[in-house]
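Per-entry structural report
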Amino acid sequence: MREASTLPTRTGGDTALRDRGLVWHPYAPLNGPAPYAVLGASGVRLSLDCPDGTSAEVVDAMASWWCAVHGYRHPALDAAAHRQIDDFSHVMFGGLTHEPAVALAERLVAMAPGPMAHVFFADSGSVSVEVALKLALQFQAASGCPGRQRFLTVRGGYHGDTFAAMSVCDPVDGMHSAFPGVLASHVFAPRPPLARLEVNDGHEQWVTDEAEFDQWSREFRALAAAHASELAAVVVEPVLQGAGGMRPYDPRCVRVMRDVADEHGMLLVADEIATGFGRTGRLFACEWADVAPDVMCVGKALTGGYLSLAAVLMTSRVGAAITESSFGALLHGPTFMANPLACAVASASLDLLADSWAADVARVGSGLRAGLSAALDLESVRDVRTVGAVGVIQLDRAVDVPAITAAAVRNSVWVRPFRDLVYAMPPYVCTEDEVATICAGMVAAVREVHP
Ligand code: PMP
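What counts, and where the lines are drawn
- Residues numbered from 1 in each chain as written.
- Predicted model: local features only at pLDDT ≥ 70, side-chain atom pairs only at ≥ 80, totals over all residues.
- Heavy atoms only, no water.
- Phe/Tyr/Trp six-rings, centres within 6.5 Å; stacked < 30°, edge-to-face > 60°.
- Helix = DSSP H or I, 4+ residues; strand = E, 2+ residues; numbered from the N terminus.
- Buried < 20%, exposed > 50% of the residue type's maximum accessible area, 1.4 Å probe, protein only.
- Lys NZ or Arg CZ within 6 Å of the ring centre and 35° of its normal.
- Near = heavy atom within 4 Å.
- Polar contact = N/O pair within 3.5 Å; in protein donor to acceptor, adjacent residues only side chain to side chain.
- Nonpolar A, V, L, I, M, F, W, Y, C, P; charged D, E, K, R; others polar.
- Expected span 1.5 Å × (residues − 1).
- Arc of directions from axis to C-beta.
- Contact = heavy atoms within 4.5 Å.
- Salt bridge = Lys/Arg side-chain N within 4 Å of Asp/Glu carboxyl O.
- Core = buried A, V, L, I, M, F, W, Y, C linked by side-chain atoms within 4.5 Å.
- Pairing = 2+ DSSP bridges.
- Patch = residues over 30% accessible without salt bridge, like charges linked within 9 Å, V, L, I, M, F, W, Y side chains within 5 Å.
- Areas by Shrake-Rupley, 256 points an atom, 1.4 Å probe, with all protein chains shown as cover.

Moving on: the packing of aromatic side chains. Scanning the model with the defined rule gives seven aromatic pairs in all. A centroid spacing of 6.2 Å and a plane angle of 80 degrees characterise the contact between Trp66 and Tyr423, whose relative ring orientation is edge-to-face. Here Tyr423 lies in strand S18 (residues 421–424) and Trp66 lies in helix H2 (residues 63–66), a separation of 357 residues in the sequence. A relative accessible area of 7% places Trp66 in the buried class. The class for Tyr423 is buried, based on a relative accessible area of 1%. Sitting over the face of the ring of Trp288, Arg282 holds its NZ or CZ atom 3.8 Å from the ring centroid. Geometry around Trp66 places Lys300 over its ring, the cationic atom sitting 4.4 Å from the centre.

So, in structure tokens, the structure goes:
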């Protein structure tokens, strides 16, 4: 059992003050709400300097945007990073290779759903999506279909903030209106209908409205058929739409996408950046549907949240088509491709996952199910849902983000709500007590701010 707190007692400082007006934060204006300054991070806890001058120790319900699955300062990950720094931190990947990259690639293809054969390392999730889309276009061109230059996806998706990734994000919520005329135009099917994963005595069952599912399947199939000759790939977050609304959907929809891709000569690109490495209760969310994608993106939890690294996995069919094409190569090659430090930490992170992810995710999931149900008593709460180690409170209004954040911090929890959602995607290593703290803090914050 970990100590309740191993955080340093360092306090104070003017970091947050110096930050303001100088450093941009995600989706925030320069004069936005004052940030909290992190003084230390250990286990599942952050030590914070708060804008009101107080300090706080909080359980991180966000796992730093879903990636710190083993918590902070994990001895095995710290040791892997130290070992690799003592060896070498970075070398270019053009013409050179190194053990951390090869060892990690071997592990990734071995654990992936379906017969993945090749790995392209990218430096962030968004860049891996760029690479996957490029890959699909190159594959089609190499296969004699250079006219297939659009993608089929669903509304409500999120795939990253770079231009090609943005172009397959939800067209309404996904910043398309900010860049008129710049983003490529793709084909959007309706959102897959919301489904519930019910768990009774360890038995899991997806519950979906059958009529909604049938209608969605029909519409998806019809759209694919209508645009088939111009479509390169289906691009999707399997089973859980994350930043697009924390919406789980029926794995049968992923099966439909696989079938449609096969019927119409498209690739299936699975964006497992958020869902990969156990988050939904399967090692990869595609496994819920028993589907093997042609191309798969992973990131976020890949390094246990230590460093930015993502990977694009692909089948031998895709790799061979590109290799034998006139390009010969996949046309991408970032400076920090396969950064050895990130690869070494990622392998150590996968070691930790292998031992325990299934039991950990089950424990966190059952804690979230038990603890968040109290939110259903609140009038402002429209829905409470969980899948794997994800717990969501959906309100009937937009969340007052600064007020909920402050109230959760007063209740010893760090959350970062968005739109109408207050949610948790905690580190897998949270104990039952820590998950209970997260749930109690989330419910108390919602009760206080949006009774
Ligand atoms: N795809 C999905 C499904 C994501 O959730 C995210 C990040 N939230 C991305 C892509 C982009 O990853 P990154 O922020 O590392 O660029």
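Now that the structure has been shown, we can carry on.
All right, on to the site of the ligand then. In the vicinity of the ligand, the contacting residues are Trp66, Ser124, Gly125, Ser126, Tyr158, His159, Gly160, Glu237, Asp271, Ile273, Ala274 and Lys300. The backbone of Gly125 places a nitrogen or oxygen atom 2.9 Å from an oxygen atom of the ligand. The side chain of Asp271 places a nitrogen or oxygen atom 2.6 Å from a nitrogen atom of the ligand. Here the shell around the ligand is built from residues that sort into four nonpolar, five polar and three charged.

Its 13 residues place the ends of helix H3 (residues 75–87) 18 Å apart at the C-alpha level, agreeing with the 18 Å of an ideal helix rising 1.5 Å per residue. Those residues of H3 that fall on the buried side of the exposure criterion are Leu77, Asp78, Ala80, Ala81 and Gln84. One side of H3 carries all its buried residues, which in axial view fall inside an arc of 160 degrees. In H3, the exposed positions that point more than 90 degrees away from the buried face belong to Pro75, His82, Arg83 and Asp86. Summarising the contacts, the buried residues of H3 are in contact with helix H4 (99–111) and helix H10 (340–372).

In this section: the pattern of salt bridges. In total, this model carries 20 salt bridges according to the counting rule given. Arg221 is paired through a salt bridge with Glu263; the nearest N and O atoms lie 3.5 Å apart. Note that Arg221 is positioned in helix H7 (residues 210–227) and Glu263 in helix H8 (residues 251–263), a separation of 42 residues in sequence. Judged by relative accessible area, Glu263 falls into the exposed class, the value being 51%. Residue Asp294 pairs with Arg258 through a salt bridge whose shortest N-O separation is 2.8 Å. Taken together, the residues span a long stretch of sequence, with Asp294 in the loop between strand S12 (267–271) and strand S13 (295–298) and Arg258 in helix H8 at a distance of 36 residues. Across the pair, Arg258 and Asp294 agree in class, each one buried. Several salt bridges share partner residues, and in doing so they unite Arg258, Asp262, Asp294 and Arg317 into one network.

One finds Phe121, Phe220, Met257 and Ile393 to be the most contacted residues of the largest nonpolar core, which totals 137 residues. No other element matches H10, which puts 10 residues into this core. Among all residues touching Phe220, those that are not within four sequence positions of it are Leu152, Val154, Ala189, Val234, Val256, Met257 and Val260. Among the nonpolar cores identified, the runner-up in size contains seven residues, and Ala81, Leu341, Ala348 and Leu352 belong to it.

It is worth spelling out the sheet that holds strand S1 (residues 37–42) at this point. An order of S1-S2-S3-S17 is seen for the four strands of this open sheet, with the pairing classed as mixed. In the strand order of this sheet, the two ends are held by S1 and strand S17 (413–414), each with one partner.

The next subject is a nonpolar patch on the surface. Residues Phe163, Phe179 and Val182 make up a contiguous nonpolar surface patch of about 270 Å² in total accessible area. Inspection of the secondary structure assignment puts Val182 in the loop between helix H6 (163–167) and strand S6 (187–189).

Helix length check: helix H5 (residues 125–142), at 18 residues, gives a terminal C-alpha distance of 25 Å against a target of 26 Å (1.5 Å per residue), a fit within 8%. Of all 18 residues in H5, 14 are buried; the element is thus mostly enclosed.

This part is about the pairing of S1. For S1 and strand S2 (residues 45–49), the ladder comprises five bridges, and the chain directions are antiparallel. Its bridge partner lying in S2, Ser42 is registered against Arg45. Linking S1 to S2, which pair antiparallel, is a turn of two residues; within it Gly43 sits at a positive phi near 60 degrees.

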